Amino acid sequence: MQQSLIIIKPSGVERGLIGKIIDRFQQKGLIIAGLKMMRLDEGLLREHYAHLVDKPFFPSLLRSMMASPVIVMCLKGKDAIAVIRGMVGATNSRNAAPGTIRGDYGMSSQENIIHASDSEENGIIETNRFFRPEEIFDYIPGNIGYIYSPDERD
Ligand code: IDP
Ligand code: MG
């Protein structure tokens, strides 16, 4: 199974969407392996958004991500990276398809509700960046046999 690091950003927290977003992932059949609230600081964000530090919007993005506490989650599932990116939608919420989280809840590129890892490798790197090892739980939910066939559970 793959793992993905999710952040419900201040735009999602402040707009009261925490429960709705978690519910979508649970209903889909993704396994919640870690979940907590935290405040992000500049050092962590400079690592997390290293690919964007030279962009003109980076100072604004930093302020936006530190505006309130966030929810971070580690979700696990087969092909979880692609499945979750599909559920999240395009970066600019105005271009995100209806039915996606950004498409249903957002109107902005910066204030786009949620982050999700974009590759299998980043799913691992980002989970380790935001969680201590003892905060990630390796368990098999009782309903696993109704989410996957036996040959899909790798
Ligand atoms: P992603 O979140 O869809 O993976 P990235 O390109 O990795 O998109 O950008 C990270 C975050 O930076 C976005 O989710 C968004 O909050 C912000 N961002 C990206 N492009 C822009 C922009 O053009 N203007 C303002 N904010 C942006
Ligand atoms: Mg990204």
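No experiment lies behind these values; they were computed from the predicted model shown.

## Details of the packing of helix α2 (residues 18–28) against helix α5 (residues 80–88)
- Orientation of α2 relative to α5, taken along the N-to-C sense of each, is 135°, at an axis distance of 12 Å. Accordingly, the angle class assigned to the pair α2 and α5 is oblique. Here α2 and α5 pass one another in a crossing that is right-handed. Residues Arg24, Phe25 and Lys28 of α2 pack against Val83, Ile84 and Met87 of α5.
- Partitioning the contact of α2 with α5 into residue classes produces four nonpolar, no polar and two charged.

## Quick look at the pattern of salt bridges
- Taken as a whole and judged by the stated rule, the model has six salt bridges.
- Across the pair Asp104 and Arg24 runs a salt bridge, and its minimum N-O distance is 2.8 Å. With a gap of 80 residues between them, Asp104 in helix α6 (residues 101–105) and Arg24 in helix α2 connect regions that are remote in the sequence.
- Between Glu135 and Arg132 there is a salt bridge, and its shortest N-O distance comes to 3.4 Å.
- By sharing partners, the salt bridges in this structure join Lys36, Arg132, Glu134 and Glu135 into a single network.

## Regarding the site of ligand 1
- All residues in the neighbourhood of ligand 1 are listed as Lys9, Tyr49, His51, Leu52, Phe57, Leu61, Arg85, Thr91, Arg102, Ser109, Gln110 and Asn112.
- Contact between ligand 1 and Lys9: an oxygen atom at 2.8 Å from a side-chain N or O atom of the residue.
- Residue Asn112 places a side-chain N or O atom 2.8 Å away from an oxygen atom belonging to ligand 1.
- For ligand 1, whose free accessible area comes to 530 Å², the fraction covered by protein is 78%.
- More than half of the atoms belonging to ligand 1 lie within 2 Å of the grid points that define the largest pocket.
- Here the shell around ligand 1 is built from residues that sort into four nonpolar, five polar and three charged.

Thresholds applied
Residues numbered from 1 in each chain as written. Chains lettered and ligands numbered in written order. Predicted model: local features only at pLDDT ≥ 70, side-chain atom pairs only at ≥ 80, totals over all residues. Heavy atoms only, no water. Axes fitted to C-alpha atoms, helices over the stretch in contact; angles between N-to-C directions. Helix = DSSP H or I, 4+ residues; strand = E, 2+ residues; numbered from the N terminus. Parallel < 35°, antiparallel > 145°, perpendicular 65-115°, else oblique. Left-handed = near helix turned anticlockwise from the far one by under 90°. Contact = heavy atoms within 4.5 Å. Nonpolar A, V, L, I, M, F, W, Y, C, P; charged D, E, K, R; others polar. Salt bridge = Lys/Arg side-chain N within 4 Å of Asp/Glu carboxyl O. Near = heavy atom within 4 Å. Polar contact = N/O pair within 3.5 Å; in protein donor to acceptor, adjacent residues only side chain to side chain. Areas by Shrake-Rupley, 256 points an atom, 1.4 Å probe, with all protein chains shown as cover. 1 Å grid on protein atoms, 1.4 Å probe; cavity = no way out; pocket = protein on both sides within 12 Å on 5 of 7 lines; lining within 4 Å. Sits in = over half its atoms within 2 Å of the grid points.

Bear in mind that shape data such as this cannot, by itself, settle questions of function.
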